[in-house]
Amino acid sequence: MSDVLLELKNIAKFYGKGEARLDVLEGASLTVSAGELVALVAPSGAGKSTLLHIAGLLDQPSGGEVVVDGQATHHLGDRARTHLRRTAIGFVYQFHHLLPEFTALENLVIPMLIAGQAEANARTRGMELLELLGVGARAEHRPAELSGGEQQRVAIARAAANRPHIILADEPTGNLDPATSGMVFDALVNLMRNQGSGTLFVTHDHSLARKADRVITLQDGKVIAATL
Ligand code: ADP
């Protein structure tokens, strides 16, 4: 098996039609391999979110192919796409989106139960992840009782709960102050390296992008290598 976990082949995406048609992606291609950390840095409106949504099977491209875990997705029906998304991809957003009425640990356990894991295993795995991210002591606290940095660590742990091969992150520390942002980001990198996940993250922060194995940008709807 190749170690390419995510491949975007010649992706096109446009919105609207006729005179109002806006071509956002025009032949965007990229690969993310196992254990690889790739930063996407591009100006607002360049198509970063569009690319991430398509890579995460949340949106369909107008053309091209998305290959996830070696599986072409173009012809998959909704159920198969949803299943692949849930098993192969973990998402981290700028805002944590934790469930407020559940503890940190429960927020990790719930997606594992939904994926069919036994509760005892899910709790063990959940605690391991919280500890790996440095928030083990906060396991029994609800999100409102956690700091912003702690909330985001829990959200990162949750994204990894079902051992996705691919992690997609949209400004994962964008809501945090610079010092906290650096620490939380390092925790994310530690986690993805530990699990061998391929990770694609969007950031405006060059100090984070410099930690990536590779930096890419979007220009005229295409992915090109970038230097900071
Ligand atoms: P970025 O994340 O780099 O800021 P986006 O991917 O959000 O860029 O958006 C790229 C372009 O596509 C922008 O001009 C945006 O207005 C447009 N766009 C994004 N989503 C839609 C949509 N659902 N309908 C129409 N236009 C959209």
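Criteria and cut-off values
- Residues numbered from 1 in each chain as written.
- Predicted model: local features only at pLDDT ≥ 70, side-chain atom pairs only at ≥ 80, totals over all residues.
- Heavy atoms only, no water.
- Salt bridge = Lys/Arg side-chain N within 4 Å of Asp/Glu carboxyl O.
- Helix = DSSP H or I, 4+ residues; strand = E, 2+ residues; numbered from the N terminus.
- Buried < 20%, exposed > 50% of the residue type's maximum accessible area, 1.4 Å probe, protein only.
- Axes fitted to C-alpha atoms, helices over the stretch in contact; angles between N-to-C directions.
- Parallel < 35°, antiparallel > 145°, perpendicular 65-115°, else oblique.
- Left-handed = near helix turned anticlockwise from the far one by under 90°.
- Contact = heavy atoms within 4.5 Å.
- Nonpolar A, V, L, I, M, F, W, Y, C, P; charged D, E, K, R; others polar.
- Pairing = 2+ DSSP bridges.
- Core = buried A, V, L, I, M, F, W, Y, C linked by side-chain atoms within 4.5 Å.
- Near = heavy atom within 4 Å.
- Polar contact = N/O pair within 3.5 Å; in protein donor to acceptor, adjacent residues only side chain to side chain.
- Areas by Shrake-Rupley, 256 points an atom, 1.4 Å probe, with all protein chains shown as cover.

Participant: Would you take a moment to explain the pattern of salt bridges for this structure?
Facilitator: Opposite charge on two side chains permits pairing when their charged atoms draw close. Going through the model one piece at a time under the given rule, you end up with six salt bridges. Residue D23 is joined to R21 by a salt bridge in which the shortest nitrogen-to-oxygen separation is 2.9 Å. Between R214 and E36 there is a salt bridge, with the nearest N and O atoms lying 2.8 Å from each other. Linking R214 in strand β9 (residues 214-219) with E36 in the loop between β2 (22-33) and β3 (37-40), this pair joins segments that are 178 residues apart in sequence. Judged by its relative accessible area of 15%, E36 falls in the buried class.

Participant: How should I be thinking about the packing of helix α5 (residues 148-160) against helix α6 (residues 178-195) in this particular structure?
Facilitator: Angle between the axes and distance between the axes: these two values describe a pair of packed helices. Two elements in contact, α5 and α6, have axes separated by 10 Å at closest approach and are oriented at 15°. In terms of orientation, α5 lies roughly parallel with respect to α6. Judged by the twist between their axes, the crossing of α5 over α6 is right-handed. Contact with α5, carried on its side by G149, Q152, R153, I156 and A160, involves T180, M183, V184, A187, L188, L191 and Q195 of α6 and no other residues of that element. Across the contact of α5 with α6, the residue classes break down as seven nonpolar, four polar and one charged.

Participant: Can you help me understand the sheet that holds β3 in this one?
Facilitator: Think of a sheet as strands paired side by side through backbone hydrogen bonds, with each pair either parallel or antiparallel. On the basis of which strands lie adjacent, the open sheet formed by six strands has the order β6-β7-β8-β3-β9-β10 and mixed pairing. The two strands at the open ends of the sheet, each matched to only one other strand, are β6 (89-92) and β10 (222-225). Each strand axis lies, on average, 25° off the axis of its neighbour in the sheet, ignoring direction. Contacts from α6 reach β3, β7 (166-170) and β8 (198-202) within the one sheet, and its direction differs from that of β3 by about 140°.

Participant: Please clarify how the nonpolar core should be interpreted in this entry.
Facilitator: Nonpolar side chains in soluble globular proteins tend to end up buried together. Among the nonpolar cores identified, the biggest contains 39 residues, and L130, V154 and F201 are the most heavily contacted of them. Considering each element in turn, this core owes the most residues, seven residues, to α6. Setting aside anything within four residues of it in sequence, one finds V154 in contact with L98, A104, L108, L130, V135 and L146. Ranked by size, the runner-up nonpolar core spans 32 residues in total, among them L6, L30, A46 and V223.

Participant: Explanation requested: the packing of helix α3 (residues 104-114) against helix α4 (residues 119-132) in the structure shown.
Facilitator: It is at 9 Å that the axes of α3 and α4 come closest, and there the two elements cross at 130°. As judged from the angle between their axes, α3 and α4 are oblique. For the element pair α3 and α4, the recorded crossing hand is right-handed. Together, A104, L105, L108, V109, M112 and L113 of α3 and E119, A122, R123, R125, G126, M127, L129 and L130 of α4 make up the contact between the two elements. In terms of residue class, the contact of α3 with α4 is made up of ten nonpolar, one polar and three charged.

Participant: What's the story with the environment of L168 in this structure? I'm lost.
Facilitator: Along the chain, L168 turns up in strand β7. Judged by its relative accessible area of 1%, L168 falls in the buried class. Here the alpha-carbon distance between L168 and T199, two residues 31 residues apart in the chain, equals 5.9 Å. Those residues in contact with L168 that lie beyond four places of it in its chain are L6, L52, A55, G56, I89, G90, F91, V92 and L200.

Participant: Can you help me understand the site of the ligand in this one?
Facilitator: The environment of the ligand is formed by Y15, L22, V24, P43, S44, G45, A46, G47, K48, S49 and T50. At 3.5 Å from a nitrogen atom of the ligand is found a side-chain nitrogen or oxygen belonging to Y15. At a separation of 2.9 Å, an oxygen atom of the ligand approaches a polar side-chain atom of K48. When isolated, the ligand has an accessible area of 560 Å², and the protein chains bury 56% of it.

Participant: When you look at the environment of L52 in this model, what are you seeing that I'm missing?
Facilitator: With respect to the secondary-structure elements, L52 resides in helix α1 (residues 48-55). When the C-alpha atoms of L52 and A161 are compared, they prove to be 20 Å apart, with 109 residues separating the residues in sequence.

Participant: Help me understand the pairing of β10, please; the structure alone is not making it clear to me.
Facilitator: In the sheet, β9 pairs with β10 via four bridges, with the strands oriented antiparallel. Its bridge partner being in β10, Q219 is matched across the sheet by K222. Count of turn residues in the β9/β10 antiparallel hairpin: two residues, of which D220 carries a positive phi of about 50°.

Any functional reading would require information that these geometric values do not contain.
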